Amino acid sequence: MSSRTPINIDMEKLTPMMRQYMEVKLQYPEAILFFRMGDFFEMFYSDAEICSDVLNITLTARNKSGDDDIPMAGIPHHAHRGYVNRLVEEGHTVVICDQVEDAKLAKGLVRREVTRIVTPGMVLDPDDLDSRVNLYIAAVFFARKSSGLSCLDLTTGEFRATELPAEDLLMELQRIQPREVLMSEDQRDTPIADEFLSRLDQVRVTWREGREFAMREGEQRLSRHFQIASLEGFGIIDMDAGVRCASALLGYVQETQKNDPPHISKLVPYQLQDYMVLDQATLSNLEILESMRERTRRGSLFGLLDRSVTGMGGRKLKQWLLYPLLQANKINRRLDVVERFVDKGLAREDLRGSLKQIADLERLNGKVSSGIASPKDLVSLGSSLEAVPQILQILSSIREGEDPVLAPFCNMDPLGEVSDDIRLVLNEDAPALLKDPGFVREGYDKDLDEQRDFARNGKQRLDQLLEQERQKTGIRSLGLKFHKNLGYSFSVTKANKHLVPDYFRRKQTLVNEERFTTEELDDYQLKIMGAEERAWELEQDVFFALRSRVMEHSAAIGKLADQLASLDALSTLAEIAVRNDYVRPELSEDSMLEIEEGRHPVVEHMLPVGTFVSNNLSMHPENGQFILLTGPNMSGKSTIMRQAALIALMAQIGSFIPARQAKLGLCDRIFTRVGASDNLASGQSTFMVEMTETANILHNATSKSLVILDEIGRGTSTFDGISIAWAVAEFLHNRTNCRTLFATHYHELTELEHSLANFRNMSIAVQEQGKDIAFLHRLVEGGSNHSYGIQVARLAGMPAGVVRRATRILTSLEEGKLPNTEHLGNLRQMQQTRNQMSLFAPVIVEEQTQSFLEEELEDLNLNDFSPMEALQLLYNWKKRLAESRES
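Computed from a predicted structure; not experimentally measured.

J.: How should I be thinking about the pattern of salt bridges in this particular structure?
T.: Under the definition given, this model contains 52 salt bridges. The closest approach of N and O atoms between Arg 208 and Glu 255, which form a salt bridge, is 2.9 Å. Taken as a pair, Arg 208 in strand β11 (residues 204–208) and Glu 255 in helix α7 (residues 240–257) lie far apart in primary sequence, 47 residues in all. Under the relative-accessibility criterion, Glu 255 is labelled partly exposed at 37%. In this structure, Asp 453 and Arg 461 form a salt bridge, with 2.3 Å as the shortest nitrogen-oxygen distance.

This is the structure in structure tokens:
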């Protein structure tokens, strides 16, 4: 518990309710306890102070203990989910202690129980989440030969497990991006766990008892949940460490959610070798998920491709980008579907229009299974299911005979019985909150209709009963009165007392009248007095029963949601292909890359239409697998290299690509070493980061990899940098023999073409126009001997004087001279003796004078000067020259 408000109280002095609160709080001392009290959740002590800080809630004092006030904060019960999510976002765990019996029926203190524990890896209401982002919680376990990893998104039910080398564990977690990681207490403080934790940034680690990761208990827990005899059907039986992690995750969910969520309907094993490996550096350098500058989707590949019309379709597309396929047959199956949708434009538009009617079925299914779905959620789920038959009809219209292209989607089960059940029970305008009545349809439940009728028409019914009794008794003055303690009664004057029938029971005697009741009046009174409350309770019961029936179909809903998500993602890729003039790539088993008129998908999109310069690129195992790329900065070297990598990645997710045509060999990994960055937090300089990333490439690249290297060795001295770049190039060419694009300003490396058989020099074409240059952005054969750095500096807005000085220095260097040696010698001598200063100062002043005269003359426009202004300018120059010589 937080130390902001020390709790030093005598439990005996607390009220019974506060003792109940403290008994729960002591079980969860590190969590924030939401304690239900009527229509509010209350937080006390340091929990209240934290809530006040994070949620901006006013603190009050309540339930005095001794002489001290207890800090308290409260929030309405119906609005607590948003507050819980905000606390969890800040890294807190929230324990929800709810009332589990009706306060009116309770004998003494209302019974309360912990109904849910919400941790950073979970969320109480997924409506507040980004629809394109999964909320994963993960578990890791270090075994002797490998490590286990499992991840679960409780909002969707996605559940996966794998085994992998310990050195790849961190990379895979960076790809998954979990909010919380479970680890075994038995492995705390071990060297391998300490090393892992030292590199795990900004992720909540939750330590669990070692028995939660036990193998035998794990198999039993998973088998009970999935109601199977063995895990063999999931193909995970040989993943001991993966099974341990999956079981630990499932146990954690069962413990915190206080139920066994049925939407977690399958455990999917996967192997890293089935997918292209993308480390964090590559994801960042290629801007696959977010741009490097703004850290947003805009400017990223995902931001360009994601035109999905459902949240689950967007998440599916993102997962495909993170896990490109390595099997050509699976890639071609996706490409077949995309091609069909490209060819059938009208049907594609109709399909996407129908998909827009589909809500986020995955997360709705999760809410139903977690017991938090509202009436509005169920109506949304039902209307989504009702849109599925139209989708099936569209697919049937473009399916050609019995071809297998669309077969995986033509067998979707629309679950008509579920949508019919929801439509039968709920009104279409059902509210988002259960506290708002009226969401169950009239005519569905007879008892509910009767209670509603009494609540709405109670007075009218009483008037009808009064008139009925007047007719039966003949007492025309018979009245109906209400007393707050006695309720309703018939009033009879003394003069009509002799007409009172036997079935009237005396209730009260007054001076001028007597009051009576009947069995029928008592029955009406009971119904009318509690009609609204009984109607609300009946409506709740009807809704909970409906939600339970829908929950029985959670596995089928999850399967349908996955099919619709894939359909959305594939139709989105087809839509992008048509909009941006992409083509289907041809896949090859060879380690080659042949792209005709390739374009960078993101850069092209940001430029005016038709202005991007496309380029051809050819890389073959026997001829030009290693390309050294030279040319000036700003000419497009990095763009060409990145576009080659992005085209390869797009092809392997099953997307069409920005090119005229392409034949691509599959890549097992894409490595990138691009740009300059440091890691000051870990004490690594820019050059150290560069060398670390390069070392990772040299150790892990294979002949099937694609390597992008930009400016290796520039962070150190020239000779050191050339030496490192030279050695790296030889290693990748001779040892790894992978497809490599190597950009450099070390023109000395072009000589490698004479000694390395599979080495090619290429450069970016530049057109010289006097002192200026024009970038053609065209990739051409042969190396470049010029970097045009000074011209680029001029284009970048460098002061003209600096540019001219740099030009003179470059000329001296190219002539084999060191232009600053004499001046440096003068400065050393000036420091030794003041008497020699006059001998050497004029040399430096002459250059300074020449510099300002050249600069001003170059910027001078004679047409703008009058004769008098010209004379004044000459006078000022002469004066400045004299002053500079005197100084």
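J.: When you look at the packing of helix α17 (residues 416–425) against helix α20 (residues 531–551) in this model, what are you seeing that I'm missing?
T.: When two helices pack together, their arrangement is given by the angle between the helix axes and by the axis-to-axis distance. Interhelical geometry of α17 versus α20 gives an angle of 175° and a closest axis separation of 10 Å. On the basis of their axis angle, the class for α17 and α20 is roughly antiparallel. Seen from α17, the contacting residues are Val 418, Asp 421, Ile 422 and Val 425; seen from α20, they are Val 542, Leu 546, Arg 549 and Val 550. Among the residues making up the contact of α17 with α20, the classes are represented as 6 nonpolar, no polar and 2 charged.

J.: What's the story with the environment of Arg 297 in this structure? I'm lost.
T.: Looking at where Arg 297 falls in the secondary structure, it is placed in the loop between α8 (280–285) and α9 (301–305). Overall, the relative accessible area of 31% leaves Arg 297 in the partly exposed class. Each C-alpha atom, one on Arg 297 and one on Glu 287, is 8.9 Å from the other, the two residues being 10 residues apart in sequence. Setting aside residues no more than four positions away along its own chain, Arg 297 makes contact with Asp 130, Arg 132, Val 133, Leu 289, Glu 290, Phe 302 and Gly 303. Polar side-chain contacts of Arg 297 include one of 2.2 Å to the side chain of Asp 130.

J.: Got a minute to help me understand the nonpolar core in this structure?
T.: As a rule of thumb, soluble globular proteins bury nonpolar side chains together. Core analysis: the biggest nonpolar cluster contains 126 residues, and Phe 341, Leu 381, Leu 426 and Leu 564 have the highest contact counts within it. Looking at this core element by element, the count peaks at 12 residues for helix α21 (residues 554–580). What Phe 341 contacts, discounting residues up to four positions off in sequence, is Arg 348, Leu 351, Leu 395, Ile 398, Leu 406, Leu 567, Leu 570, Ser 571 and Ala 574. Counting residues in each nonpolar core, the second largest holds 28 residues, with Phe 159, Ala 161, Phe 226 and Val 243 among its members.

J.: So what exactly am I meant to see when it comes to the environment of Val 94 here?
T.: With respect to the secondary-structure elements, Val 94 resides in strand β5 (residues 94–99). Overall, Val 94 belongs to the buried group, its relative accessible area being 0%. Spatially, the C-alpha atom of Val 94 lies 6.6 Å from that of Thr 119, the residues being 25 residues apart in sequence. Beyond its immediate sequence surroundings of up to four residues, Val 94 is in contact with Ile 32, Phe 34, Val 84, Leu 87, Val 88, Arg 116, Ile 117 and Val 118.

J.: Looking at this structure, how should I read a nonpolar patch on the surface?
T.: Judged by side-chain polarity, Met 868, Leu 871 and Leu 874 come together as a nonpolar surface patch covering roughly 350 Å² of accessible area. Residue placement: Met 868 occurs in helix α30 (residues 867–886).

J.: Any chance you could explain helix α13 (residues 361–370) here in plain terms?
T.: Quick reminder: α-helices carry 3.6 residues per turn. Residues three or four places apart thus point the same way. Burial within α13 is extensive, with 10 of its 10 residues counted as buried. Along α13, the residues that are buried comprise Leu 361, Glu 362, Arg 363, Leu 364, Asn 365, Gly 366, Lys 367, Val 368, Ser 369 and Ser 370. Check the buried side of α13 and you find it contacts β6 (112–118), α10 (311–322), α14 (375–386), α20 and α21. Note on α13: the residue one or two positions beyond its end, Gly 371, has a positive phi of about 75°.

J.: I tried to follow the environment of Thr 692 on my own but got confused; where do I start?
T.: With respect to the helices and strands, the residue Thr 692 is situated in helix α24 (residues 686–700). Taking the C-alpha atoms as reference points, Thr 692 and Asp 562, 130 residues apart in sequence, are found 40 Å from one another.

J.: Can you help me understand the side chain of Arg 315 in this one?
T.: Here Arg 315 lies in helix α10. Judged by relative accessible area, Arg 315 falls into the buried class, the value being 3%. Beyond its immediate chain neighbours, meaning those up to four positions away, Arg 315 contacts Ser 131, Arg 132, Val 133, Asn 134, Thr 156, Asp 360, Glu 362 and Arg 363.

J.: Before we go on, may I ask you to explain the packing of aromatic side chains in this structure?
T.: The tally for this structure, following the rule as stated, stands at 18 aromatic pairs. With 4.9 Å between their ring centres and 55° between their planes, Phe 482 and Tyr 488 make a pair best called tilted. The class of Tyr 488 is buried, set by a relative accessible area of 17%. Following the ring pairs from residue to residue traces out a cluster consisting of Tyr 21, Phe 35, Phe 44 and Tyr 45.

J.: Explain the sheet that holds strand β12 (residues 268–269) to me, please; I cannot follow it from the model alone.
T.: Hydrogen bonds between backbone atoms are what pair the strands of a sheet, whose relative direction is either parallel or antiparallel. Sheet architecture is open: 6 strands sit in the order β11-β10-β7-β8-β9-β12, paired in mixed fashion. The two strands at the open ends of the sheet, each matched to only one other strand, are β11 and β12. Pairing of strand β10 (residues 180–184) with β11, which is carried by 5 bridges, proceeds in the parallel orientation. Paired with Val 181 across the bridge in β11 is Val 205. Lying on the sheet, helix α5 (residues 191–198) is in contact with β7 (136–142), β10 and β11; it crosses β7 at an angle near 145°.

Parameters at a glance
Residues numbered from 1 in each chain as written. Predicted model: local features only at pLDDT ≥ 70, side-chain atom pairs only at ≥ 80, totals over all residues. Heavy atoms only, no water. Salt bridge = Lys/Arg side-chain N within 4 Å of Asp/Glu carboxyl O. Helix = DSSP H or I, 4+ residues; strand = E, 2+ residues; numbered from the N terminus. Buried < 20%, exposed > 50% of the residue type's maximum accessible area, 1.4 Å probe, protein only. Axes fitted to C-alpha atoms, helices over the stretch in contact; angles between N-to-C directions. Parallel < 35°, antiparallel > 145°, perpendicular 65-115°, else oblique. Contact = heavy atoms within 4.5 Å. Nonpolar A, V, L, I, M, F, W, Y, C, P; charged D, E, K, R; others polar. Polar contact = N/O pair within 3.5 Å; in protein donor to acceptor, adjacent residues only side chain to side chain. Core = buried A, V, L, I, M, F, W, Y, C linked by side-chain atoms within 4.5 Å. Patch = residues over 30% accessible without salt bridge, like charges linked within 9 Å, V, L, I, M, F, W, Y side chains within 5 Å. Areas by Shrake-Rupley, 256 points an atom, 1.4 Å probe, with all protein chains shown as cover. Phe/Tyr/Trp six-rings, centres within 6.5 Å; stacked < 30°, edge-to-face > 60°. Pairing = 2+ DSSP bridges.

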